[in-house]
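# Examining the three-dimensional arrangement
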Amino acid sequence: MNKTLFLSHRGESDDAPENTIAAFALAMERDSDGIELDIRMTSDHRIVCVHDASLARVAGKDIEVADHTYQELCEAHPVPLISEALELLMPGKFIQIELKGKPFDLTELRQLIDKHLALGKLIGLSSFEIETLELANEIFPDVSRVLLIDLEKRYGRFPSADEVADLCREHNFSGVSFKADLRADKSFVDALRAKGLRVVAWGVNTDEKGLAMAAAGVDALTCNHAVALRKMAAETTK
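Let us look at the structure shown here. Per chain, residue numbering runs from 1 following the sequence as it is written. Totals for whole chains, interfaces and linings use every residue, but because this is a predicted model, local features are given only for residues with pLDDT of at least 70 and side-chain atom pairs only at 80 or more, for both listing and counting. Processing note: side-chain calculations cover all non-hydrogen atoms of the structure and skip hydrogens and water entirely.

## Quick notes on the packing of helix α8 (residues 161-171) against helix α9 (residues 186-194)
Note the following rule: Simply put, an axis is a line fit to the C-alpha atoms, just over the touching stretch for a helix, and the angle between two N-to-C directions goes from 0 to 180 degrees. Helix and strand definitions here come from DSSP, where helices need a minimum of 4 consecutive H or I residues and strands a minimum of 2 consecutive E residues; each element is numbered from the N-terminal end. Here a crossing is taken to be left-handed if its near helix is turned anticlockwise relative to the far helix by less than a right angle, and right-handed if that turn runs clockwise. Here, two residues are considered to be in contact whenever any of their heavy atoms come within 4.5 Å of each other. When residues are grouped by polarity, Ala, Val, Leu, Ile, Met, Phe, Trp, Tyr, Cys and Pro land in nonpolar, Asp, Glu, Lys and Arg in charged, and all others, Gly among them, in polar.
Contact pair α8 / α9: the axes reach a minimum separation of 9 Å and the direction vectors enclose 35 degrees. Crossing of α8 over α9 shows right-handed handedness. Every residue of α9 that contacts α8 at Ala161, Val164 and Ala165 is listed here: Phe188, Ala191 and Leu192. Classifying every residue of the contact of α8 with α9 gives 6 nonpolar, no polar and no charged.

Written out as structure tokens, the structure reads:
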């Protein structure tokens, strides 16, 4: 049976500020299966862990990440570098790095990933932007690259596994990370995995959805309280 990885979404973000060293460290302290986080480029080409284009939501100051230096961002909010997050990740744990914003310079990220892959850490990339992920195809052919997608929004209905697989094949992606949906049952996930695709679920905003995605056999799911959800899933299978 496929073992689902429960990844701490932006770190253990129910109990620590999202995409911060505190949230990432808490995930490792709790022995999470791994971390999901978001990265953007600053104006001085540093790679930082921030979800939104602006710090308005997390810091209360409308500071655009792409228009400011790393130091300027840090003066407003504890913004970590991706290098710091990777250092915190323990060997054998998985990190799902979402590429945010365009254009994206992936050269430095390649060097960092090589260093940490050599230390036994597991690393994957994701993006909602097809062009960004296609660039990653060229630079990271050996790393999992999954397309983030809201299936209902893209297709106007819940699609077949064949349609999703065709989209991934068309762009040479390793798999798909779809918004958690109770219609994505085991047969749907199995069909995607049978085609050699990695299957991940995001938007796990209720325990019901998280448990359903785990029961369906996704390779990984992201949750703000991943460790607690993993424990619930284990108890339901006893």
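## Some details on the side chain of Ser8
Just so we agree on the cut-off: The classification of residues rests on relative accessible area computed with a 1.4 Å probe and restricted to protein chains. Under 20% of the type maximum is buried, over 50% is exposed, and intermediate values are partly exposed.
Turning to its location among the elements, Ser8 is positioned in strand β1 (residues 5-9). Residue classification places Ser8 among the buried residues on the basis of a relative accessible area of 0%. Not counting the four nearest positions on each side in its chain, Ser8 is found in contact with Ala27, Ser32, Gly34, Ile35, Glu36, Cys223 and Ala226.

## A look at unusual backbone geometry
One non-glycine residue, Arg10, lies in positive phi territory at about 60 degrees. Even without being glycine, Asp31 reaches a positive phi, approximately 65 degrees. Looking at where Asp31 falls in the secondary structure, it is placed in the loop between α1 (21-29) and β2 (34-41).

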